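Listed below are the residues making up each chain.
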Amino acid sequence: MSEIRQDSTRKTVDFRGGGFAPQSRKWVGIVVFVVLIGFIELGTRTGFITNLTLPIPSDVFATFVDLWQSGLLWKHLLPSIMRLIVGASIGVSLGIGIGILIGLFSLIRAGLVPLVAAIFPIPKIALLPLFVIWFGIDETSKYALIAFGTFTPTVVATYGAVDNVDRSLIRMGQSFSLSWFSIVRKIVLPGAMPGILSGLRISLAIAIILLVAAEMLGAEFGIGAYILEAGSLYDLERLFVGVTILSILGVFVSLGIGVIEKRLLNWRV
Amino acid sequence: MDLRLEAVGHHYGDLEVLSEIDLAIPAGKIVCIVGPSGCGKSTLLRLIGGLEQPTTGQIVQIGTPPTDSINPLTYVFQDFALLPWRTVEGNISLVLEDHRMPSARVTEIIANVLARTKLTEFAKAYPKQLSGGMKQRVAIARALAVKPAILLMDEPLSALDSQTRELLMDDLVGLWTRDPFTSVYVTHNLNEAVRLGHSIVVLSRRPGRIREIVDVTIPLGERELGDPELERQQKHLWNLMRDEALAADKELLNV
Ligand SMILES: Nc1ncnc2c1ncn2[C@@H]1O[C@H](COP(=O)(O)OP(=O)(O)O)[C@@H](O)[C@H]1O
Ligand SMILES: [Mg+2]
């Protein structure tokens, strides 16, 4: 070993490998919320923000408590959740089913992919009047709108996910003479699950948007109807209560998918 | 059960990949196939296992596979091909589930192959928790579970570091010595070939033809790392392959 020179200047090597590594800092999101609401509260109370621009957050909260105590909250929320569940279940299950068929059979792919591409960009809200003519003004047209709106993104996500399943795993299945059905059920479906679930996130967000649109057009109860009524009376407190409920609904849906992902995809690296 | 390849040739479109391959794969022997990359080794293995059909010639089985063989022609892949969402056990039971066996029998087979590949304590682990060498052991266990008449291995050790490769070679030799199996073993590593092969088939560059078949007579169990006779054989193989490898290398640059 050669000797290291003793006489020269010493300096530790500069660290330059920091950043570019996402870390989990959950509390930051909450802090942003609290600071923002605190700022609005302060601004609206001091008059720095006029009460025509934004309602006072604590008044919005009081309105929410009123709504809850009067029992009207559930009267509006339950039908909305019902519409969401029924509509999204129909759309998502049809979407996953057809997406898998497209992924597996070239004939079905050739036939349906152009069709899906054609209906994907249509704003589904534009079709609501049509659905009302077809299905009537009651629940069925709302289910249909939400189902149709969740169907297309689910189809696209699903067949993309099936396409992305590792071919070498399918070949492995064939090399062990697994039946076609086993390969689909045990290799293709679980392999496509991550893609299907991330598609589900988008579909369900779309479902909430369409839910409100449908309820605005013709419903006695429902979050959309509640917001519409508040808006036409220019009741900003109630308007914001409605919007907040939608946000919370979205957060819960997203949390729910998170739980499903954790349970189904815990094998992921 | 023996296999015989009769004048097998294969094209992908206009690209001739294999030409005039005549080869016998006798029961109980390991036949190694070496050749420069792109010469059609993997293709040949896919043809042998029935995952693809040869353009010309035929591959015939001579004799019937043992009656207890669940999947006579069984692969071990270079990239392991384990299902990441199944445990070690689950990956092995996957290939047994289609055969309507009583579950006690399935459990027994799984326990047996895990013991033979020294994986018993990892039965409940997921692939992501295992090192490359362990993953390949799982893939070998899975292949043994279906009692293959012929094991088709496509560069099974190429994704592993050299220490792990040595260990797994010892494991394969151990498995073969206790219970000789028939195997076609594709590799580009000449050391693996002289350690594991009873005969070594040298393919030319694309289109792959048989250049020479080298027999190694030393019993598998007695082949030590650094054995002079093996070194000599390996050197001979390298001399055969060097020009082909050089030419193949240049060819790829011209594409
Ligand atoms: N499915 C395929 N379609 C077209 N060409 C292929 C296909 N598979 C392999 N090839 C070509 O055939 C040649 C031999 O491939 P392969 O058998 O994988 O070689 P090796 O395993 O010896 O490296 C390569 O040139 C490769 O590009
Ligand atoms: Mg190869």
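In the block above lies the structure referred to throughout.
The sections below set out a description of the structure shown in this document. (Residues numbered from 1 in each chain as written. Chains lettered and ligands numbered in written order. Predicted model: local features only at pLDDT ≥ 70, side-chain atom pairs only at ≥ 80, totals over all residues. Heavy atoms only, no water.)

1. Points about the overall build of chain B
- In terms of helices and strands, chain B carries seven helices and nine strands.
- Radius of gyration (C-alpha) of chain B: 18 Å, near the 18 Å computed for a compact globule of 255 residues.
- For chain B, the share of sequence-separated contacts (at least 6 apart) that also reach a separation of at least 24 residues comes to 72%.
- As displayed, chain B offers around 11500 Å² of accessible surface, 51% of which is attributable to carbon and sulfur atoms. (Helix = DSSP H or I, 4+ residues; strand = E, 2+ residues; numbered from the N terminus. Rg over C-alpha atoms; globule rule 2.2 N^0.38 Å. Contact = heavy atoms within 4.5 Å. Areas by Shrake-Rupley, 256 points an atom, 1.4 Å probe, with all protein chains shown as cover.)

2. Re helix α4 (residues 132–145) of chain B
- For α4(B), spanning 14 residues, the distance from its first C-alpha to its last is 20 Å, which sits close to the expected 20 Å at 1.5 Å a residue.
- With respect to burial, α4(B) is a largely interior element, 12 of its 14 residues being buried.
- Buried positions along α4(B) lie against α7 (167–175) of chain A together with β5 (73–76), α2 (88–94), α3 (103–116), β6 (150–154) and α5 (162–178) of chain B.
- Two residues or fewer after α4(B) comes K147(B), characterised by a positive phi angle close to 45°. (Expected span 1.5 Å × (residues − 1). Buried < 20%, exposed > 50% of the residue type's maximum accessible area, 1.4 Å probe, protein only.)

3. Let's talk about the sheet that holds strand β7 (residues 182–186) of chain B
Residue and element names in this part refer to chain B.
- The six strands are arranged β5-β6-β7-β3-β8-β9 in an open sheet whose pairing can be described as mixed. This sheet does not close on itself; its edge strands, each paired only once, are β5 and β9 (210–215). Neighbour to neighbour, the strand axes of the sheet diverge by 20° on average, direction disregarded.
- In terms of strand pairing, strand β3 (residues 30–34) meets strand β8 (residues 199–203) through four bridges, oriented parallel. Residue pairing for β8: V34 is matched across the bridge by V202. (Pairing = 2+ DSSP bridges. Axes fitted to C-alpha atoms, helices over the stretch in contact; angles between N-to-C directions.)

4. Some thoughts on unusual backbone geometry
- Cis rather than trans, the peptide bond between R206(B) and P207(B) has omega equal to -5°.
- Along the chain, P207(B) falls in the loop between β8 and β9.
- A positive phi is found at S177(A), a non-glycine position, where the angle reads about 55°.
- One can find S177(A) in the loop between α7 and α8 (180–217).
- Positive phi, close to 55°, is recorded for K118(B), a residue that is not glycine.
- Relative to the helices and strands, K118(B) is located in the loop between α3 and α4.

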